[in-house]
Amino acid sequence: MKLVSYLSEGHDRVAILVDGLLYDAEVLHPDLPQSMSIFLSYWEDAYSMALGGEMMIKEGKIPKSKGFAYDSATILAPVPFPTSCRDGYAFRQHVEAARRNRKAPMIPEFDQYPIFYFTNHHSIQGPGNIQCMPDHFEKLDFELEVAIVVCKHGRNIRAEEADEYIGGLMIMNDMSARRLQMEEMLLNLGPAKGKDFSTVIGPWLVTLDELEQFEVPAQPGHTGKNYNLRMQCRVNGKQVSDGNMKDMNWTFAEIIERASYGVDLYPGDVIGSGTVGTGCFLELNGTGKLNYPDYQEQWLQPGDVVELEVDGLGTLSNTIIQEEDDFSLLARKKSV
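Not measured: the values here are computed from a predicted model.

A. Molecular detail of the overall build of the protein. Secondary structure summary: the protein contains 8 helices and 23 strands in total. At 20 Å, the protein has a C-alpha radius of gyration in line with the 20 Å of a compact globule built from 336 residues. Counting across all 336 residues of the protein, residues that qualify as buried make up 53%. In the protein, the proportion of contacts linking residues at least 24 apart, taken out of those at least 6 apart, comes to 73%. Working note: accessible area of the protein is about 15800 Å², and carbon and sulfur atoms make up 50% of it. Within the protein, the 49 negative side-chain charges are centred at a point lying 5 Å from the centre of the 30 positive side-chain charges.

Below you can see the structure in the form of structure tokens.
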């Protein structure tokens, strides 16, 4: 099942997508929650009712006239108002390549425990324009990822049970302003300003029942579900990234285990996978320069269209827009 959040009369509403048509929650069942945040808070009942509504659509018991075209709606992030947003670091290929490119050895701790950072959950957005300030264009980057949303409250969740807390998967683009990120992380307290301006999720939330056909075993020695889903990025129609979710070394179940240790997780918490191998310009530029001395770095520019496509999860498209404000934090740095 594909769950979509869309804008209607100034409010976010939840619908399901069937054959290019959106069916509002109210059409599926009168008792269904009408926003994603409430839907997630009553997940077990709401999910069952929505699945029943989807079956009625497919059987013709709910007519197509009750739906409306996906392309006619203002699409929001599937989870428009997440209660929090964490991002993991789960793909060894990306970490290893990024460290190699800056002539650093692979850090052994990567294989000992999964890590994550908190990002700005108020900057979550869906398809459409990404507003960027002048400093963001100092090495502006995409990050090709997958994310999950937590669908029930839990604490001290063991990895063996953690998949039960996942409502579904969606594409994530963890936008990154690399110069701001690299400068602030010199003080060992990042990333913050390099990441907090936009994190994109969408275009819809795909529930796990629809992904069973893609399920594969976790990496040896790991616990939890994983999926054989090809992940690609195109910038202005040109493919720049090609990876696969099955290459996640740490599963979402293991990340949930660590995230929930001594901490309550709530419905609506979003957790990203981290960047897939080849999934950002930082890695691609570093690899290019390592192999070809004359390699020309590429970064996102105003007007660029970024499309992230993941098998089974759809295509997430955004256009980079420059804000009409020349304010620069970099220009205000103190000299020493």
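B. Spatial organisation of the layout of surface pockets. The volume enclosed by the largest pocket comes to roughly 1100 Å³. Mapped onto the lining of the largest pocket, the elements with two or more residues apiece are strand 6 (84-88), helix 4 (92-101), strand 7 (116-118), helix 6 (178-185) and helix 8 (281-291). The leading source of residues in the lining of the largest pocket is helix 8, at 7 residues. Of the residues belonging to the lining of the largest pocket, the class tally is 18 nonpolar, 9 polar and 15 charged.

C. Examining the pairing of strand 19 (residues 238-244) more closely. Here strand 18 (residues 230-235) pairs with strand 19 via 6 bridges, running antiparallel. When the bridges of strand 19 are listed, Gln232 appears paired with Asp242. Between the end of strand 18 and the start of strand 19, which pair antiparallel, lie 2 residues, with Asn236 showing a positive phi angle near 55°.

D. Broad picture of the nonpolar core. Counting residues in hydrophobic clusters, the biggest one holds 64 residues, and the most contacted among them are Phe142, Leu169, Met245, Phe252, Leu300, Leu313 and Ile320. Among all residues touching Ile320, those that are not within four sequence positions of it are Ile130, Cys132, Phe137, Leu140, Met175, Leu300, Gln301, Pro302, Gly303, Asp304 and Val306. Residues Tyr23, Leu28, Cys85 and Val270 belong to the second largest nonpolar core, which totals 31 residues.

E. Representation of the sheet that holds strand 23 (residues 314-322) in the model. Taking strand neighbours across the sheet as the criterion, the 5 strands line up as 9-23-22-18-19 in an open arrangement whose pairing is mixed. Two strands in the sheet have a free side with no partner beyond their single neighbour: strand 9 (128-132) and strand 19. In this sheet, adjacent strand axes meet at a mean angle of 20° when their direction is disregarded.

F. Focus on the environment of Ile62. When you line up the elements, Ile62 lands in the loop between helix 3 (43-58) and strand 4 (68-69). In contact with Ile62, other than residues within four places in its own chain, are Tyr23, Val27, Leu28, Gly53, Met56 and Ile57.

G. Quick peek at the pattern of salt bridges. Under the criterion given, the structure shown has 23 salt bridges. Two residues, Glu59 and Lys61, come together in a salt bridge whose shortest N-O distance is 3.3 Å. Taking the relative accessible area as the measure of exposure, Lys61 reaches 57% and is therefore exposed. Note that Glu309 and Arg234 form a salt bridge whose closest N and O atoms lie 2.8 Å from each other. With Glu309 in strand 22 (residues 305-310) and Arg234 in strand 18, the pair connects residues that are 75 residues apart, well separated along the chain. A single salt-bridge network, built from bridges that share partners, covers Asp141, Glu143, Asp174, Arg178 and Lys195.

H. Quick look at the pairing of strand 15 (residues 199-206). Extensive coverage of strand 15 is indicated by the burial of 8 of its 8 residues. One ladder, built from 2 bridges, connects strand 1 (residues 2-8) with strand 15; its direction is antiparallel. Its bridge partner lying in strand 15, Leu3 is registered against Leu205. Pairing between strand 8 (residues 124-125) and strand 15: 2 bridges, direction parallel. Across the sheet, residue Ile124 finds its bridge partner in strand 15, namely Thr199. The sheet contact formed by strand 13 (residues 166-174) and strand 15 spans 5 bridges and is antiparallel. Looking across to strand 15, one finds that Asp174 is bridged to Thr199.

Rules behind the numbers
Residues numbered from 1 in each chain as written. Predicted model: local features only at pLDDT ≥ 70, side-chain atom pairs only at ≥ 80, totals over all residues. Heavy atoms only, no water. Helix = DSSP H or I, 4+ residues; strand = E, 2+ residues; numbered from the N terminus. Rg over C-alpha atoms; globule rule 2.2 N^0.38 Å. Buried < 20%, exposed > 50% of the residue type's maximum accessible area, 1.4 Å probe, protein only. Contact = heavy atoms within 4.5 Å. Areas by Shrake-Rupley, 256 points an atom, 1.4 Å probe, with all protein chains shown as cover. Lys, Arg positive; Asp, Glu negative; His and termini not counted. Charge placed at Lys NZ, Arg CZ, Asp CG, Glu CD. 1 Å grid on protein atoms, 1.4 Å probe; cavity = no way out; pocket = protein on both sides within 12 Å on 5 of 7 lines; lining within 4 Å. Points joined across faces, edges and corners; volume = space filled by probe spheres on them. Nonpolar A, V, L, I, M, F, W, Y, C, P; charged D, E, K, R; others polar. Pairing = 2+ DSSP bridges. Core = buried A, V, L, I, M, F, W, Y, C linked by side-chain atoms within 4.5 Å. Axes fitted to C-alpha atoms, helices over the stretch in contact; angles between N-to-C directions. Salt bridge = Lys/Arg side-chain N within 4 Å of Asp/Glu carboxyl O.

Read these as spatial facts, not as claims about activity.
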